Amino acid sequence: KTCNTNERKLLKNIIPPILVLIIFLLVWSFGAHLYNMPFLLPNPLEVFEAFVQDFDMVIGGLWITFQEALYGYLLAIFIGITSAAIMSQSKILERSFYPYAILLQTLPAVAVAPLIVLWFGFEMRSVVIISLIISLFPIINNTLLGLKSTSINLVELFQMHNQSRFVNFFKLRFPAAIPNVIAGMRISAGLSVIGAIVGEFIIGSGSEGGGVGVMIMYAQADMATALVIALIFTATALGFTFFMTVTTLGHYLLHNWHESEL
């Protein structure tokens, strides 16, 4: 019975998205047939053929974009959690630094790109920095919210037992904030890939040997629309992989005690 129940749950989770995908592909194919202009709207089969034909090039570009997004994302996690932890220790610190975190979120990456290139050159690290800038704020915001939302009863309990600020943070506030940290990391997972692609658009490359963003620019210039769409789906798959990795980590950390995973 348990096996049958698990199979039913698995089918309920898998079948709906598969049906949506099939409907999407059918509508896309029908639209491409009606439009009948493959250089503007190729059908799914043509996109798949373009992906297979240029598979080695696409995977090479994906590897570069993966590294840029991963480095930017890991830096965002470290800087974001550290910044939120510091700001949570004092209202003065929060009032002093949080407005600048908001400004960082509203800062257009295109506007600061020339400065980033000037300081760090036409290299991968410039793309990593843009990915960092775009993906940083959600982690700061959500982590800070979690650290400030600890149950007041538990905080008072720790104070009654004369626990130090260090113990209070690492044994109460931070564990209680983990769901918020995971939520921020989920949002930033996709943003880190978007940041890497945007960075590649801005910084570019001297040849087609760059990441997915560079390849999209070259494919668009050659009117290879099928390849452009294949590259877009490839970048989307990378962002989805980041998101699912964080989701799996969150489930592992929360499934025994937090309502969101029970």
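Structure: see above.
Residues numbered from 1 in each chain as written. Predicted model: local features only at pLDDT ≥ 70, side-chain atom pairs only at ≥ 80, totals over all residues. Heavy atoms only, no water.

Peer 1: For the nonpolar core, give the residues involved together with the corresponding values.
Peer 2: Ranked by size, the top nonpolar core spans 52 residues in total, and within it Tyr73, Met185, Leu231 and Phe242 carry the most contacts. The set of elements that each furnish at least two residues to this core consists of α2 (44–53), α3 (55–87), α4 (91–106), α5 (109–120), α6 (124–148), α8 (165–203), α9 (212–221) and α10 (225–254). With residues near it in sequence (within four places) discarded, Met185 still touches Tyr73, Ile77, Ile139, Val246 and Leu249. (Core = buried A, V, L, I, M, F, W, Y, C linked by side-chain atoms within 4.5 Å. Buried < 20%, exposed > 50% of the residue type's maximum accessible area, 1.4 Å probe, protein only. Helix = DSSP H or I, 4+ residues; strand = E, 2+ residues; numbered from the N terminus. Contact = heavy atoms within 4.5 Å.)

Peer 1: Summarise the packing of aromatic side chains; cite the residues concerned and give the values.
Peer 2: Counted by the stated rule, this structure contains 10 aromatic pairs. Each ring, one from Phe66 and one from Phe242, has its centre 5.9 Å from the other, and the planes form 85°; the classification is edge-to-face. Here Phe66 is found in helix α3, whereas its partner Phe242 is found in helix α10, with 176 residues between them in sequence. Ring centres 4.7 Å apart and planes at 45° place the aromatic pair Phe166 and Phe170 in the tilted group. Linking Phe166 with Phe170, this pair stays in helix α8, spanning 4 residues, or about one helical turn. (Phe/Tyr/Trp six-rings, centres within 6.5 Å; stacked < 30°, edge-to-face > 60°.)

Peer 1: Outline the environment of Leu136, supporting the account with residue identities and numerical values.
Peer 2: As for its placement among the helices and strands, Leu136 is situated in helix α6. In sequence terms Leu136 and Met87 are 49 residues apart; their C-alpha atoms lie 15 Å from each other.

Peer 1: Run through the side chain of Ser192, naming residues and quoting values.
Peer 2: Relative to the helices and strands, Ser192 resides in helix α8. If sequence neighbours within four positions are ignored, Ser192 has contacts with Ala69, Tyr73, Ser131, Ser135 and Phe242.

Peer 1: Provide a residue-level description of unusual backbone geometry, including the pertinent values.
Peer 2: For Asn36, which is not glycine, the phi torsion reads 55° and is therefore positive. Tracing the chain through its elements places Asn36 in the loop between α1 (2–35) and α2. Judged by relative accessible area, Asn36 falls into the exposed class, the value being 61%. Positioned with a positive phi, Met223 is a non-glycine residue whose angle comes to about 60°. Locating Met223 in the fold gives a position in the loop between α9 and α10.

Peer 1: Give me a nonpolar patch on the surface: which residues, what numbers.
Peer 2: A cluster of nonpolar side chains, Leu11, Ile14, Ile15, Ile18, Leu19, Ile22 and Leu26, forms an exposed patch at the surface whose accessible area comes to about 630 Å². Structurally, Ile22 is set in helix α1. The class for Ile22 is partly exposed, based on a relative accessible area of 43%. (Patch = residues over 30% accessible without salt bridge, like charges linked within 9 Å, V, L, I, M, F, W, Y side chains within 5 Å. Areas by Shrake-Rupley, 256 points an atom, 1.4 Å probe, with all protein chains shown as cover. Salt bridge = Lys/Arg side-chain N within 4 Å of Asp/Glu carboxyl O.)

Peer 1: I'd like to hear about the environment of Ile79, residue by residue, with values.
Peer 2: With respect to the helices and strands, the residue Ile79 is situated in helix α3. Contact partners of Ile79, with chain neighbours within four places excluded, come to Leu132 and Leu136.

Peer 1: Help me get a handle on the pattern of salt bridges, residues and values and all.
Peer 2: Per the counting criterion, the structure on display carries 3 salt bridges. Lys91 is the salt-bridge partner of Glu94, the closest N and O atoms lying 4.0 Å from each other. One end of the pair is Glu94 and the other is Lys91, both in helix α4 and 3 residues apart, which spans about a single turn. Glu123 is the partner of Arg125 in a salt bridge, and the nearest nitrogen-oxygen pair spans 3.2 Å.

Peer 1: An account of α8 is requested, with residue identities and associated values reported.
Peer 2: Its 39 residues place the ends of α8 only 45 Å apart at the C-alpha level, less than the 57 Å of an ideal helix rising 1.5 Å per residue. Residue Ile178 marks the point of greatest curvature in α8, where the axis turns by about 50°; the proline Pro179 follows within four residues. Immediately beyond the C-terminal end of α8, within one or two residues, lies Gly204, with a positive phi of roughly 70°. (Expected span 1.5 Å × (residues − 1). Bend = angle between axes of the 7 residues up to and from the residue.)

Peer 1: With reference to specific residues and values, describe the packing of helix α7 (residues 152–160) against α8.
Peer 2: Axis separation between α7 and α8 bottoms out at 11 Å; the angle between their running directions is 150°. Relative to α8, the element α7 lies roughly antiparallel. The handedness of the crossing between α7 and α8 comes out as right-handed. For the pair α7 and α8, contact is made by Leu154, Val155 and Phe158 and by Val167, Asn168, Lys171, Leu172 and Arg173, respectively. A breakdown of the residues in the contact of α7 with α8 according to their chemical character gives 5 nonpolar, 1 polar and 2 charged. (Axes fitted to C-alpha atoms, helices over the stretch in contact; angles between N-to-C directions. Parallel < 35°, antiparallel > 145°, perpendicular 65-115°, else oblique. Left-handed = near helix turned anticlockwise from the far one by under 90°. Nonpolar A, V, L, I, M, F, W, Y, C, P; charged D, E, K, R; others polar.)

Peer 1: Could you give an account of α9, naming the residues involved and the relevant values?
Peer 2: Note that an α-helix has 3.6 residues per turn; residues three or four places apart therefore point the same way. Among the residues making up α9, those that are buried are Val212, Gly213, Val214, Met215, Ile216 and Ala219. On its buried face, α9 sits against α3, α8 and α10. Positive backbone phi, at 60°, marks Met223, one or two positions downstream of α9.

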